[in-house]
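# Tertiary structure, described
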Amino acid sequence: MTYKRKKYHYGDTHLQKRWRTKRRKKDLDEIDEDLKDENAKKLLNQDIDLDKPGNAQFYCLHCARYFISDQALKEHFRTKVHKRRLKALELEPYTIEESERAAGKGSYQVAKKRKIETQTSHEGTNAMEDDAGNSE
Ligand SMILES: [Zn+2]
């Protein structure tokens, strides 16, 4: 059996597609920037953007993701992905390796672990923190 026609024209659309997508995830250090007050305010009060899910009105700062509704955003806050992300951000911008190295030197200040909290939702309907099992 022979192939009727060879794929002469593969093209490079598969490559272009990869570059075209805006799916590139933000790195933690970029998100770290986003968490700074003035940036956070901007991101949480974005202009309506019809190209974004939920018109860019429901954004999770920590995960750099848009959600379609306040409900979806709140649900997201309760997911493991989100909580894991908060933990990861608490350690940023210092890597664990780095803080261990610093600890070994004694006189160095150990990287302070920051407390990262979920942003409050737009509606402000008691966004209760429900991770009580979070022992320090
Ligand atoms: Zn999140």
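Throughout this description, residue numbers start from 1 for each chain and increase along the sequence as written. With the structure being a predicted model, the display of local features is reserved for residues of pLDDT at least 70 and the display and counting of side-chain atom pairs for 80 or more, all residues being used for whole-chain, interface and lining totals.

### Observations regarding the overall build of the protein chain
- Scanning the protein chain from N- to C-terminus turns up six helices and two strands.
- Think of it this way: any DSSP run of H or I at least four residues long counts as a helix, any run of E at least two long counts as a strand, and we number them from the N terminus. Its helices and strands in sequence order give the protein chain the pattern α-α-α-β-β-α-α-α, from N to C terminus.
- For the exposure call, what matters is how many other C-beta atoms sit within 10 Å of a residue's own: 20 or more marks it buried, 12 or fewer exposed, and in between partly exposed, using C-beta atoms placed from the backbone. Residues classed as buried in the protein chain amount to 9% of the 136 residues present.
- Once C-beta atoms have been placed from the backbone, residue pairs whose C-beta atoms lie within 7 Å are recorded as contacts. The long-range share in the protein chain, meaning contacts at least 24 apart out of those at least 6 apart in sequence, stands at 38%.

### Remarks on the UniProt feature "domain: C2H2-type" (unreviewed entry) in the protein chain
- When the UniProt feature table is mapped onto this chain numbering, "domain: C2H2-type" (unreviewed entry) sits at residues 58-87.
- What you have in residues 58-87 is 53% helix and 13% strand, and the ends, taken at the C-alpha atoms, are 21 Å apart. UniProt positions are given in the numbering used here, feature names are shortened, and annotations may be inferred rather than shown by experiment.

### Remarks on the environment of Ala72
- Looking at the element boundaries, Ala72 is found in helix H4 (residues 70-77).
- Classification of Ala72 as partly exposed rests on a count of 15 C-beta atoms within 10 Å.
- Linking Ala72 and Phe58, residues 14 residues apart in sequence, is a C-alpha distance of 8.4 Å.
- In contact with Ala72, not counting residues within four places along its chain, are Phe58 and Phe67.

### Concerning the nonpolar core
- Here, a nonpolar core means buried Ala, Val, Leu, Ile, Met, Phe, Trp, Tyr and Cys residues linked by C-beta atoms lying within 7 Å of one another. By size, the foremost hydrophobic cluster in this structure holds seven residues: Phe58, Tyr59, Cys60, Cys63, Phe67, Leu73 and Phe77.
- Counting residues per element, the ones that place at least two in this core are strand E1 (59-60) and H4.
- Those residues in contact with Cys60, other than ones at most four positions away along the chain, are Arg65, Phe67, Leu73, His76 and His82.

### Some words on the confidence of the model for the protein chain
- Per-residue confidence from the predictor is reported as pLDDT, which spans 0 to 100. When pLDDT is averaged along the protein chain, the result is 76; 55% of the residues meet or exceed 70.
- The secondary structure element of the protein chain with the lowest average pLDDT is helix H1 (residues 13-20), at 56, and the one with the highest is E1, at 97.
- For residues 124-129, every residue scores under 50 in pLDDT, and the model assigns this stretch two contacts once sequence neighbours within four places are set aside.
- This stretch, residues 131-136, has a pLDDT under 50; its non-local contacts, to residues over four places away or in other chains, come to one contact.

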